Amino acid sequence: MVDFLNALVALANYVLIPAISYGSQLALGALGITLIYGILRFSNFAHGDTMAFGGMTVVLTTWWLQSMGVSIAPLPTALLAIPVGIVATALLLLGTDRGIYKFYRKQKAAPIILVMASLGVMFIMNGLVRFIIGPNDQTFADGARFIFTAGDFKRVTGLAEGLALRGSQVITVVTTIILVAAMFWFLNKTRTGKSMRAFSDNEDLALLSGINPERVVTIVWILVAVLTTVGGTLYGLDKSYKPLIFFQLLLPMFASAIVGGFGNPLGAIAGGFVIAFSEVSVTYAFKKVVTYVVPESWAPDHLVQLLSTDYKFAVSFGILILVLLFRPTGIFKGQSV
Amino acid sequence: MNYRNISLFAAMAALMIITGFIQSWSVAFALLNLCLISSIMALGVNIQWGYAGLFSVGTMGFVALGGVAAAITSMPPVRESWPMGGLGVIAALVIAVATILLAIRLWKRMPSGRKRNISMIAVLVGGFILFRAVFDPSVELIESINAASAGHIGGLGLPITVSWLVGGMLAAGAAWVIGKISLGLRSDYLAIATLGIAEIIIAVIKNEDWLTRGVKNINGIPRPVAYEVDLQVDPQFIGWVDWLGLDLIEASSLYVKISYAILFVIVLAIIMWMSEKALRSPWGRMMRAIRDNEEAAEAMGKDVTKRRLQVFILGSAVCGIAGAMLTSMDGLLTPGTYQPLRFTFLIWVMVIVGGSGNNWGSVLGGFLIWFLYVEVEPIGNNVLAFLTSGMADDSWLKAHLIDSTAHMRLITMGAILLFVLRFYPKGLIPEKAG
């Protein structure tokens, strides 16, 4: 029985908790991608770099706040800086929309042209972020690091396995829940949210019933600014802030959005967790857990790791391909424009 | 060919010559060689996008496969690794392929239902366990041989120019598998799928040390041209250099670069000639018909899926050839340097700026964009030095700005792409109608 508990704790420590916080971060990113796809009808390749930009403004504001001696310990100061980051990111996104995407929208250009324009935006944002903050790792986290450490846990429970819970993990999950709840309330209950869903379902019908498309587009970009800034900040707090990381997150985020059903907000969240859990569990060495559960003579002498951790992108991609082949509309029915 | 296009190419040549005079001829020829390789990559992407409208962003993967081909064809074999683990690895790969084929067969033959799902999963899981059981010990054996210098199975010891062809074939083979899986997808999905496949190819190259030594790099890949150190002691070469009154070291490096340039021009000319022939043939017209109106082409009895697969393979093969050439020029395979921004998206900028659908446009785009990609940094340095000349020398802003010029190139590339897309969507040399 104790062995079983130990196995459970090890599993929670190395798989469940990391996967839940990573899944929340992916879900926020995928939600943004799916909103853009649903309303503006193109895959935004600049999304990862938008997250990097939002994260960067938060990092810079946090540094400024820290230098002013502002602190909300035990919470990280970065939470105070998020609104500033959202405003800056929203201005940048609305600027790119007016300057670049609007032209193609008015032309009714093929989605692929918009994707290419987003490649250009991706280059510029990527360069801009590296130009301002540099390509290196930046630390901006402060406040309490652990809610409880592995040592605390062992002392209290008397188990051999420790369970650590970091502050950033709890903050990630709580913030994601609040943000996603607010987002769904907005989409389902408010008049503006309903008009957005109507626009996503049937553009012509929405136009006929007097919905102003430009207003819908503006609101989408503002929502995306909120999601990307919060997502970028949470990822930075939980792991570390490095501009190139967000470009690499693009693929898992796309995979999450498509696996859940492209254009479906609920699907994006489910997809984020599916991808995160598979990435973490496929690349985790289960030796420890298995050794606790099975009789001693069966204990494995190798790592019981399906794939080495370097293949974690391959996992998200493998799931993406499986879904595209066997269930092209995703787990929840997405759009098939 | 009209006067406008000729003058565009002449302007490009002038830019190169100016670089030769201002910086140095060594820099100019190094630039020229990479421009040539870039234009071959751009031709490959143009075959996929310009001819057939396939939005594939997996270029980096094929370029990297070409690089692997260069290493495994031309490196001397590590003989002791073959009896120890080489056969095991091959057996494991055979098991993997057999498992997948069996699973596909089951999926196609059995009636759908739970029985089919269970038997397919059983085949896949069993195959995976068997594969790992054979694969892991063999890999360990190979990697244990001389880990510092070898630790991989080595190559076939063939001449390096052969590897360019092998690079094309390897990329083509991979493209066949990838195309089978992903060409049925809609354009957005195809882009994301190919982006992912390219990442996986890089992950494999980085991690399968038995094949590519991973991030430890393979260096000393043989060259198709002379080595500088040999030239510097070659009495005949010294005689020429003396007669021309040049510096020996400079002249030897220039000689090597020019030899590469000649080889690359030959390859580019062959690929260009074949591409132009293909584009003007009935096959090329059929491709454009499929691109512009898929339904109509299908109604005319064209097998759209098959033709797309064909054009995807051809374009990928060209990228693979370019990748093998790049690695053989560098003389080393560094899996860590393959970045999608540099090897996929930059090539796309070349094709769009040059003019998608036009081979000459792609070549011009390859030259111009690579030239700018390299030269933006020194130009940016000068511009920023000028702009910040009024600031105090110890100002942090000045130091930060000057440190950051390296990142200017991405911003410039993005701005060029957006500008061309907006104001010259057909590119510098537009596709000819009809």
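What you see as residue numbers is a count from 1 along each chain, following the sequence as written. Note on labels: chains are lettered from A, ligands numbered from 1, in written order. Side-chain atom pairs in this predicted model are given and counted only at pLDDT of 80 or more, local residue features only at pLDDT of at least 70, and totals for whole chains, interfaces and linings cover all residues.

Trainee: Go over the overall build of chain A, please, and point to the residues and values.
Mentor: Across its full length, chain A carries 13 helices and two strands. The reference for a compact globule is 2.2 Å times residues^0.38; the radius of gyration itself is calculated from the C-alpha atoms. Radius of gyration (C-alpha) of chain A: 21 Å, near the 20 Å computed for a compact globule of 337 residues. For the C-alpha atoms alone, the extent of chain A along its principal axes is close to 70 × 55 × 35 Å. Sorting the 337 residues of chain A into buried and exposed places 47% on the buried side. Note on contacts: each residue gets a C-beta atom placed from the backbone, and two residues are in contact if those atoms are within 7 Å. Restricting to contacts in chain A with at least 6 residues of sequence separation, those with at least 24 account for 76%. Each helix is a run of DSSP H or I of at least 4 residues and each strand a run of E of at least 2, with the numbering of both proceeding from the N terminus. Our exposure labels follow a C-beta count within 10 Å of each residue's own C-beta, placed from the backbone: buried means 20 or more other C-beta atoms, exposed means 12 or fewer, and partly exposed covers the counts in between.

Trainee: Which residues make up the overall build of chain B, and what values do they have?
Mentor: Check the secondary structure of chain B and you find 18 helices and two strands. A compact globule built from 434 residues should have a C-alpha radius of gyration of about 22 Å, and chain B, at 24 Å, falls within 12% of that. Expressed along its principal axes, the backbone C-alpha trace of chain B runs to roughly 75 × 60 × 50 Å. Across the 434 residues that make up chain B, the buried fraction comes to 41%.

Trainee: Account for the interface of chain A and chain B, naming residues and giving values.
Mentor: Across the boundary between the two partners, chain A contributes 30 residues, which contact 31 residues of chain B. When residues of the side of chain A that touches chain B are traced back to their parent elements, those giving at least two are α3 (78–107), α4 (111–133), α10 (243–260) and α13 (312–326) of chain A. The biggest single contributor to the side of chain A that touches chain B is α4(A), with 15 residues. Three categories are distinguished: nonpolar for Ala, Val, Leu, Ile, Met, Phe, Trp, Tyr, Cys and Pro, charged for Asp, Glu, Lys and Arg, and polar for the others, with Gly belonging to the last. Its residues placed into classes, the side of chain A that touches chain B shows 23 nonpolar, five polar and two charged.

Trainee: Go over the domain arrangement of chain B, please, and point to the residues and values.
Mentor: Residues and elements named next belong to chain B. Residue ranges for the domains trace back to a domain assignment, done automatically or taken from a database. Each domain of chain B was delimited in the assignment, giving domain 1 (3–77 + 154–423) and domain 2 (78–153). A C-alpha centroid distance of 33 Å is found between domain 1 and domain 2. Across the contact, seven residues belong to domain 1 and 11 residues belong to domain 2. Across the side of domain 1 that touches domain 2, the residue classes break down as three nonpolar, two polar and two charged.

Trainee: How would you summarise α4(A) if you had to cite specific residues and measurements?
Mentor: Residues and elements named next belong to chain A. Between its first and last C-alpha, α4 extends 32 Å over 23 residues, near the 33 Å set by a 1.5 Å rise per residue. Within α4, 19 of the 23 residues are buried, which leaves it mostly tucked inside the rest of the structure. Two residues or fewer past α4, glycine 134 is found with a positive phi of approximately 85 degrees. A helix is expected to reach a length of 1.5 Å times the quantity of its residues less one.

Trainee: Outline the nonpolar core, listing residues and values.
Mentor: Among the nonpolar cores identified, the biggest contains 199 residues, and Val220(A), Ile40(B), Val318(B), Ala322(B), Val349(B) and Leu417(B) are the most heavily contacted of them. Ranked by the residues each element gives to this core, the list is headed by helix α2 (residues 25–51) of chain B, at 15 residues. Beyond its immediate chain neighbours, meaning those up to four positions away, Ile40(B) contacts Val267(B), Leu268(B), Ile271(B), Val318(B), Ile321(B) and Ala322(B). In this usage, the nonpolar core is the set of buried Ala, Val, Leu, Ile, Met, Phe, Trp, Tyr and Cys residues whose C-beta atoms join them within 7 Å.

Trainee: Help me get a handle on the environment of Gly151(A), residues and values and all.
Mentor: Along the chain, Gly151(A) turns up in helix α5 (residues 150–157). C-alpha separation for the pair Gly151(A) and Phe246(A), spaced 95 residues apart in sequence, amounts to 33 Å.

Trainee: For the confidence of the model for chain B, give the residues involved together with the corresponding values.
Mentor: Across the chain, each position has a pLDDT score giving the predictor's confidence in that residue, from 0 to 100. Residues with a pLDDT of 70 or more make up 98% of chain B, whose mean pLDDT is 86. Reported confidence for the predicted complex is 0.88 by ipTM and 0.88 by pTM.

Trainee: A description of unusual backbone geometry should follow, citing residues and the corresponding values.
Mentor: Residues and elements named next belong to chain A. Positioned with a positive phi, arginine 41 is a non-glycine residue whose angle comes to about 65 degrees. Following the sequence through the fold, arginine 41 ends up in the loop between α1 (2–40) and α2 (47–67). Of the residues examined, arginine 41 has 16 C-beta atoms within 10 Å and is grouped as partly exposed. In this structure, lysine 108 is a non-glycine residue whose phi angle is positive, near 55 degrees.

Trainee: Tell me about helix α4 (residues 81–109) of chain B, and please be specific about residues and values.
Mentor: An α-helix turns once every 3.6 residues. As a result, residues three or four positions apart point the same way. Residues and elements named next belong to chain B. Under the 1.5 Å per step criterion, the end-to-end length of α4 is 40 Å for 29 residues, consistent within 8% with the ideal 42 Å. Looking at α4, one finds that the buried residues are Ser81, Gly85, Gly86, Val89 and Ala92. Those residues of α4 that are buried are in contact with α5 (114–144) and α8 (209–212).

Trainee: Tell me what's going on with the environment of Thr218(A), and back it up with residues and numbers.
Mentor: Tracing the backbone shows Thr218(A) in helix α9 (residues 213–238). Distance from Thr218(A) to Leu93(A), taken between C-alpha atoms, is 9.2 Å for residues 125 residues apart in sequence.

Trainee: Mind laying out the packing of α10(A) against helix α7 (residues 187–207) of chain B, listing which residues take part and the relevant values?
Mentor: Simply put, an axis is a line fit to the C-alpha atoms, just over the touching stretch for a helix, and the angle between two N-to-C directions goes from 0 to 180 degrees. Viewed as axis vectors pointing N to C, α10(A) and α7(B) meet at an angle of 135 degrees, and their least axial separation amounts to 10 Å. Taken together, the axes of α10(A) and α7(B) are oblique relative to one another. The handedness of the crossing between α10(A) and α7(B) comes out as left-handed. Contact with α10(A), carried on its side by Leu251(A), Phe254(A) and Ile258(A), involves Tyr189(B), Ile192(B), Leu195(B), Gly196(B) and Glu199(B) of α7(B) and no other residues of that element. Its residues placed into classes, the contact of α10(A) with α7(B) shows six nonpolar, one polar and one charged. Should an angle fall under 35 degrees it is taken as roughly parallel, and over 145 as roughly antiparallel, whereas 65 to 115 is taken as roughly perpendicular and any remaining angle as oblique. Crossings are sorted by hand: turned counterclockwise from the far helix by less than a right angle, the near helix makes the crossing left-handed, and turned clockwise it makes it right-handed.

Trainee: Explain the packing of helix α3 (residues 59–74) of chain B against helix α14 (residues 304–330) of chain B residue by residue, including any values.
Mentor: How two helices pack is summed up by the angle between their axes together with the distance between the axes. All names here are of chain B. One way to put it is that α3 packs onto α14 with a least axis distance of 6 Å and a crossing angle of 50 degrees. On the basis of the axis angle, α3 is oblique to α14. In this structure, the crossing between α3 and α14 has a hand that is right-handed. The residues of α14 that touch α3, namely those facing Thr59, Phe62, Val63, Ala64, Leu65, Gly66, Gly67, Ala69, Ala70 and Ala71, are Ser316, Cys319, Gly320, Ile321, Ala322, Gly323, Ala324, Leu326, Thr327 and Ser328.

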